[in-house]
Amino acid sequence: MVRAGKGIVYTIHTRERLRERRIPTKWIEAILDHPLIDEPDPADDGRRRCWGRVPEFGDRMLRIVYVVDTDVIRVITVTPIATVDAARHEARYRQHLRS
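All figures in this text were calculated on a predicted structure; none of them were measured in a lab. (Residues numbered from 1 in each chain as written. Predicted model: local features only at pLDDT ≥ 70, side-chain atom pairs only at ≥ 80, totals over all residues. Heavy atoms only, no water.)

Caption draft 1: Expanded view of the packing of aromatic side chains. Tallying each qualifying case throughout the model produces one aromatic pair. Between Trp27 and Phe57 the ring centres are 5.2 Å apart and the planes differ by 45°, which places this aromatic pair in the tilted class. Here Trp27, found in helix H2 (residues 25–33), pairs with Phe57, found in the loop between strand E3 (48–54) and strand E4 (60–68); they are 30 residues apart in sequence, far enough to count as distant. Judged by its relative accessible area of 11%, Trp27 falls in the buried class. A relative accessible area of 16% means that Phe57 is categorised as buried. (Phe/Tyr/Trp six-rings, centres within 6.5 Å; stacked < 30°, edge-to-face > 60°. Helix = DSSP H or I, 4+ residues; strand = E, 2+ residues; numbered from the N terminus. Buried < 20%, exposed > 50% of the residue type's maximum accessible area, 1.4 Å probe, protein only.)

Below you can see the structure in the form of structure tokens.
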């Protein structure tokens, strides 16, 4: 669980992407509550990224890049993941569960 009771703040960039892609914030909240994968972002020390599958979105995956502040989670961006990439991430998740 990423959120652990923390509030969520969406950057302007994120709000624009959510609106353009018709992604409701409840999907983001659900993924932050129960991500399939959650890891540090290798491109930035302070950021993290997580993935989750959304049945209402054609069972596609979303990737969320975020920063954990003292009392909130700041969502930097949200990206739908192509089906091929989603399968790769799903395989990583299953491998992680075995280790």
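Caption draft 2: Examining the side chain of Glu39 more closely. Assignment of secondary structure puts Glu39 in strand E2 (residues 37–40). In this structure the side chain of Glu39 is engaged in a polar contact, spanning 2.7 Å, whose partner is the side chain of Arg49. (Polar contact = N/O pair within 3.5 Å; in protein donor to acceptor, adjacent residues only side chain to side chain.)

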